[in-house]
Each structure stands twice: as C-alpha cells, then as structure tokens.
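Survey of secondary and tertiary structure
Single-letter residue listing:
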Amino acid sequence: MGVSLKDIASRAGVSLATVSNVVNGYRPVGEQTRRRVQQAIDELGYTPNLSARHLRRGRTGLIALAIPELNNPYFAELADAAIREAAGLGYTLVMESTAADRETELMLLGSRRHIIDGLILSPVRVTRDDVLARTDTTPLVLIGEGVYDVPHDHIAIDNVAAARTAVRHLLDLGRRRIAFIGSGDGQDRQSAHLRLRGYREALAAAGLVVQPQLVAPTDQFGRRDGLTAMRQLLALDEPPDAVFGYNDLVAIGAMRAVREAGLRLPEDIAVVGIDDIEEGQFSQPGLTSVSPDKEHIGRLAVRRLVALIGGQPLAPPADLDLPFHLVARGSTTGEP
C-alpha cells in the first residue's frame, strides 16, 4: 500500500493541511516545518502522483513547445533545456513541429485540441494580427523573432544587434568585402530581415557601401543552402573575403564550399554564424558564432508559461531581449 499524506503528517508531527501545502506548494510554509515534512517524505519514500494532482486542478500536466524545424540543432538544444525545466516543475513537455507552415501555426494558436495546459510557440508564418485575433485562452508564450508587440510574453535576442556584433568582428579583423548568406529575400521569416538590417547597419557605420552581389538569398537556412550560396559567391569576379551566415548551419555549409574551392579558412575567407550550436564548436576549424543563451531562453519560457497556467504571471506580458555574446574561434581568428 502506498504512502499517504496522512502518514507523512504523522511522521513529521504536523497537520495534514501543512503537508498538503508543502507537497502542492499552495502557500508559504516556515523553513523549519518544510524541512521536517521533507525529511518525513524522504524517510517514507513518498512519490507524488503528478497526474492526479493536475487532474484535481482541471489540468493535464502537458505543455507544448512548437518549433519550425525539428532537425535544427539550435531548437534541439533549446528544447532540451525546456524539457528539463518542465520536468522540474511537474510538467511533461511535448514537441510539435510546425514545419514553418502557416496553417499549422494557426491551428496551434487556436489550440486545436485541449489536451495541453499551455503553449510555447516559435512562429514563422503567422502575423501580429493573427495573434491579436486569437480567442483561445490557453496560456501562450512566444519565442524567436516572428511576432512582436502582442499581449503575450515574447522571448528572443536582439537580432539586429547580434548581426552588427558579427559583422563588426569581421571588420575589426580588416575584412572589407563581407557577404551575407540567408538574406530572406522573398520570405517572411522576420529574423532573416532583422539580421540583414544589422549587417547593413554595421557596414554603413564602417563607411562601407553594401554591395548587392554580396547579399545572397537562400530558399531555406540549412547547410546545403549555405554551400550553394557560397559557391555562387566564389564565382564572382571579386569574391568576398568574409561571410556572415544567417545561422550556424548556413555558415557551416559555406565553410564546406570554401574548402572545396581549395581556399583557406580564415586566411582567404573568414566565416561567422549565429546560434553557437555544438556542431560548430567541433567543426574544422571551429566556427565563430554569436551565442544566444539557449538554456536561459528554454527555461525562462517554461517558467513564465507555468506561472501563467497557475494564474500567477511573473510580470505583465513583455518583449524580453535576452543577452548574447560572440564566441571567436578558428573560422575567423585562425586559432585552434
């Protein structure tokens, strides 16, 4: 027979209500009392039934993280942090892949099935008006750069500033023909346009004119896209001496093209990306990258969503710009 809350109360010498408050976190309990209850829980080997607890509160104990690309290491690393944070808060996180499809994102915003207590969404195709028109009351937290200025928590980095940081690093190394791969031309991915804007601003601040032939649009933002675009840039009469990739995957593809052409990294062409994924840390040479705090983004999104679910938001909804920093590696510095 399992251990009950009454058993814990008897062992700890406190009331059943006090044990319930400690186990369920209903209201603050004195530290000394909390320790006595926790000691009794440990001694008796009590394991809470989280499913039953959620059901008593009219919840399922499930929250969803909806991302556009399951095979993108950036999202995999962010999801890992979110899963761990959710488990620590007594929730199970389920993954949803939108494949950057507008209808799928709209369906999720409308909570097409009410088996989740809350949703973390990285939107690509839906607009601010779509989010403002939402009538479903399922708690929502947005991550990424797709939608701004809505009455929901929105967690991202400042993409314009991140791009400026990447390009300034190349400028500081004396590079002047700097290309940008992944401009997002013809697409509606907001982050691509923001990073292109930061690229242009950094060049302008250095007194350089943006050369249209050095801005290479891509169909998607993967390794093959970077490879293809870099081959085209190398075919120019005056190829670039540096490349800023929309993300690390694009930059890794670009590095492959540079090596295939028999050129040296970074002596002939320096390359920098954004995301600081683990793959870039182990590439040859290591990829210089602007590093967002993926751990912080994933954990913060879950914490704020769980607070909303519990009716206790941490603060009014806000656009939260999290810090980032540049990690210089061999693709720009030549150092191991």
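Reading the values: rules and limits
Residues numbered from 1 in each chain as written. Predicted model: local features only at pLDDT ≥ 70, side-chain atom pairs only at ≥ 80, totals over all residues. Heavy atoms only, no water. Helix = DSSP H or I, 4+ residues; strand = E, 2+ residues; numbered from the N terminus. Buried < 20%, exposed > 50% of the residue type's maximum accessible area, 1.4 Å probe, protein only. Contact = heavy atoms within 4.5 Å. Areas by Shrake-Rupley, 256 points an atom, 1.4 Å probe, with all protein chains shown as cover. Lys, Arg positive; Asp, Glu negative; His and termini not counted. Charge placed at Lys NZ, Arg CZ, Asp CG, Glu CD. Core = buried A, V, L, I, M, F, W, Y, C linked by side-chain atoms within 4.5 Å. Arc of directions from axis to C-beta. Polar contact = N/O pair within 3.5 Å; in protein donor to acceptor, adjacent residues only side chain to side chain. 1 Å grid on protein atoms, 1.4 Å probe; cavity = no way out; pocket = protein on both sides within 12 Å on 5 of 7 lines; lining within 4 Å. Points joined across faces, edges and corners; volume = space filled by probe spheres on them. Nonpolar A, V, L, I, M, F, W, Y, C, P; charged D, E, K, R; others polar. Axes fitted to C-alpha atoms, helices over the stretch in contact; angles between N-to-C directions. Parallel < 35°, antiparallel > 145°, perpendicular 65-115°, else oblique. Left-handed = near helix turned anticlockwise from the far one by under 90°. Salt bridge = Lys/Arg side-chain N within 4 Å of Asp/Glu carboxyl O. Pairing = 2+ DSSP bridges.

For the protein chain, the helix and strand inventory stands at 14 helices and 12 strands. Out of the 336 residues in the protein chain, the part that is buried amounts to 52%. Look at the contacts in the protein chain between residues 6 or more apart in sequence, and 68% of them connect residues 24 or more apart. In the structure as shown, the protein chain presents an accessible area of about 15700 Å², 50% of it carried by carbon and sulfur atoms. In the protein chain, 37 side chains carry a positive charge and 42 a negative one; their mean positions are 6 Å apart.

Leu 65, Ile 181, Tyr 199, Met 230 and Phe 244 are the most contacted members of the largest nonpolar core, which totals 69 residues. Looking at this core, the element that brings in the most residues is helix α11 (residues 248-260), giving 8 residues. Apart from residues no more than four positions distant in its own chain, Met 230 is found in contact with Ile 181, Pro 240, Val 243, Ala 254, Ala 257, Val 258 and Ile 269. The next biggest cluster of nonpolar side chains, apart from the first, holds 13 residues, and it includes Ala 64, Leu 119, Leu 121 and Leu 142.

Attention shifts here to helix α6 (residues 102-109). All buried positions along α6 are accounted for by Glu 105, Leu 108 and Leu 109. The buried side chains of α6 occupy one side of the element, clustering within an arc of 100° when seen end-on. The residue sitting at the N-terminus of α6 and contributing the capping side-chain oxygen is Asp 101; that oxygen lies 3.3 Å from the backbone nitrogen of Glu 103.

Across all of its chains, the model carries 1 cavity of 30 Å³ or more by this definition. Of the volumes computed, that of the largest cavity is approximately 360 Å³. Taken together, the elements giving at least two residues each to the lining of the largest cavity come down to α5 (73-88), β5 (153-156) and α9 (190-205). Its residues assigned to classes, the lining of the largest cavity shows 15 nonpolar, 7 polar and 6 charged.

Orientation of helix α8 (residues 159-172) relative to α9, taken along the N-to-C sense of each, is 40°, at an axis distance of 7 Å. Comparing their axes, α9 and α8 come out oblique. In this structure, α8 meets α9 at a crossing whose hand is right-handed. The residues of α9 that touch α8, namely those facing Asn 159, Val 160, Ala 163, Arg 164, Val 167 and Leu 171, are Ser 191, Leu 194, Arg 195, Arg 197, Gly 198, Tyr 199, Glu 201, Ala 202 and Leu 203. Along the lines of polarity and charge, the residues of the contact of α8 with α9 split into 8 nonpolar, 3 polar and 4 charged.

The next subject is the side chain of Arg 175. Along the chain, Arg 175 falls in the loop between α8 and β6 (178-181). Despite its burial, Arg 175 pairs with no opposite charge, the nearest such side chain being Asp 241 at 5.4 Å. From its side chain, Arg 175 meets the backbone oxygen of Pro 266 in a polar contact 2.7 Å long. If we ignore the near neighbours within four places in the chain, the residues touching Arg 175 are Leu 170, Asp 241, Ala 242, Pro 266, Glu 267, Asp 268, Ile 269 and Ala 270.

What follows covers the sheet that holds strand β2 (residues 92-97). The strand order across the open sheet built from 6 strands is β2-β1-β3-β4-β5-β11, with neighbouring strands paired in parallel fashion. The sheet terminates laterally at β2 and β11 (319-321), the two strands that pair on one side only. Across the sheet, the mean angle from the axis of one strand to that of its neighbour is 20°, orientation sign disregarded. Where strand β1 (residues 62-67) meets β2, 6 bridges bridge the pair, whose relative direction is parallel. When the bridges of β2 are listed, Ile 63 appears paired with Leu 93. Its contacts with the sheet place α5 against β1, β2 and β4 (140-143), and it is angled at close to 170° to β1. Contacting β1, β2, β3 (118-121) and β4, α6 runs over the sheet at an angle of about 150° to β3.

Enumeration according to the criterion identifies 17 salt bridges in this entry. For Arg 256, the salt bridge identified is with Glu 260, shortest N-O distance 3.1 Å. Placement of the pair is Arg 256 and Glu 260 together in helix α11, with a separation of 4 residues, close to one helical turn. On the basis of relative accessibility, which here comes to 47%, the residue Arg 256 falls in the partly exposed class. For Glu 260, a relative accessible area of 42% gives the class partly exposed.

None of the figures reported here should be taken as evidence of function without further support.
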